[in-house]
Amino acid sequence: MNFINTLEDLYDMLDLYIQGVDWDCFYMERNKPAPFLKYNKSPDKCVVDFLKGHSIRNACEFGCGEGRNAIYLACNNVAVKACDLSEVAIENAKRNAQESKAGKVTFEAGNLFALDLKDEKYELVIDSGVFHHLPPHRRLQYREIVSDILEEKGYFILVCFSADGGGAEEVDDYDFYKSKQTGAAFTEEKLRRFWGEGFEIIEIRKGEDIAQPQMWESSYTYICLLRKA
Ligand SMILES: C[S@@+](CC[C@H](N)C(=O)[O-])C[C@H]1O[C@@H](n2cnc3c(N)ncnc32)[C@H](O)[C@@H]1O
């Protein structure tokens, strides 16, 4: 018989009420028009820009997919830990890393909420497309995880759907559980309100449509650079 005894029990129960994406299926079938699949070897422009202006030793990427950002960082002498829920994506990421001879990256398949990260600290955390797929009840826990693994004054790069960008609909948090929506877009105001808690907001800007082998960016996103306060 189910018995909710901890916050994690409650979150696990609420997870059952959301649609979610079958990410293994997504990466196997490859039939969705998702640009990050098409440009799966091109890092985000914001990651390239960040590295031009900052010297960092290590980074952690949540929801790394097929590893495009993690591999770029590793090829630029940053030690990277990268995780993704999808074992298929992680297998592909490992293969891509080998092809790129990116030695300083460790990939791990798993749910970021279940990882044991308590002894780990990073100068940079990257989330390109995970936050907007999290159900509302997981957000606070996520902010805590990001904050906990960042060094003091560590940076957080967040790329997520923007409300008027055409990538996904903004959705009321109560309605999210009744809808079939698998991702939610954010307004700048919501991002500032949520991430302003515990983070300095260095920049939030609308993405542009850039598609090059060296870097990629889309106009349906907000690109955020935050710093642990
Ligand atoms: C929109 S895709 C972006 C992938 C990659 N960051 C990129 O831009 O190429 C979102 C990724 O987040 C992963 N993901 C979603 N929820 C996750 C969770 N709870 N823990 C770890 N990864 C998760 C998915 O498996 C998927 O690969």
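The coordinates are above.
Residues numbered from 1 in each chain as written. Predicted model: local features only at pLDDT ≥ 70, side-chain atom pairs only at ≥ 80, totals over all residues.

S.K.: Just checking my understanding: could you explain the overall build of the protein for this structure?
M.R.: Within the protein, the regular secondary structure consists of nine helices and nine strands. Expected size for 229 residues packed as a compact globule is a radius of gyration near 17 Å; at 17 Å, the protein falls within 12% of this value. Counting only C-alpha atoms, the protein reaches 50 × 40 × 35 Å along its principal axes. The buried share of the protein, taken over its 229 residues, is 34%. (Helix = DSSP H or I, 4+ residues; strand = E, 2+ residues; numbered from the N terminus. Rg over C-alpha atoms; globule rule 2.2 N^0.38 Å. Buried ≥ 20, exposed ≤ 12 C-beta atoms within 10 Å, placed from the backbone.)

S.K.: Can you walk me through the site of the ligand in this structure?
M.R.: As a matter of local geometry, the ligand sits amid 19 residues, with Trp-23, Phe-36, Gly-63, Gly-65 and Gly-129 nearest to it. For the shell around the ligand, the residue count by class is 10 nonpolar, seven polar and two charged. (Near = placed C-beta within 6 Å. Nonpolar A, V, L, I, M, F, W, Y, C, P; charged D, E, K, R; others polar.)

S.K.: Just to check I follow, could you spell out the sheet that holds strand 6 (residues 199-206) for this structure?
M.R.: Note on sheets: strands pair through backbone hydrogen bonds, and any given pair is parallel or antiparallel. The mixed open sheet is built from seven strands, whose spatial order is 3-2-1-4-5-9-6. If you trace the sheet from one side to the other, it starts and ends with strand 3 (105-109) and strand 6, each paired once. Each neighbouring strand pair of the sheet contributes to a mean axis angle of 15°, computed without reference to strand direction. Sheet topology note: the strand 5 (residues 150-161)/strand 9 (residues 221-228) ladder contains seven bridges and is antiparallel. By the bridge assignment, Val-159 is partnered in strand 9 with Ile-223. (Pairing = 2+ DSSP bridges. Axes fitted to C-alpha atoms, helices over the stretch in contact; angles between N-to-C directions.)

S.K.: Got a minute to help me understand unusual backbone geometry in this structure?
M.R.: The bulk of non-glycine residues show a negative phi, and the bulk of peptide bonds are trans. Unlike most non-glycine residues, Lys-101 shows phi in positive territory, near 55°. Tracing the chain through its elements places Lys-101 in the loop between helix 6 (87-99) and strand 3. Classification of Lys-101 by C-beta neighbours within 10 Å gives exposed; the count is 9. The residue Lys-153 is not glycine, and still its phi comes out positive at about 65°. Relative to the assigned elements, Lys-153 resides in strand 5.

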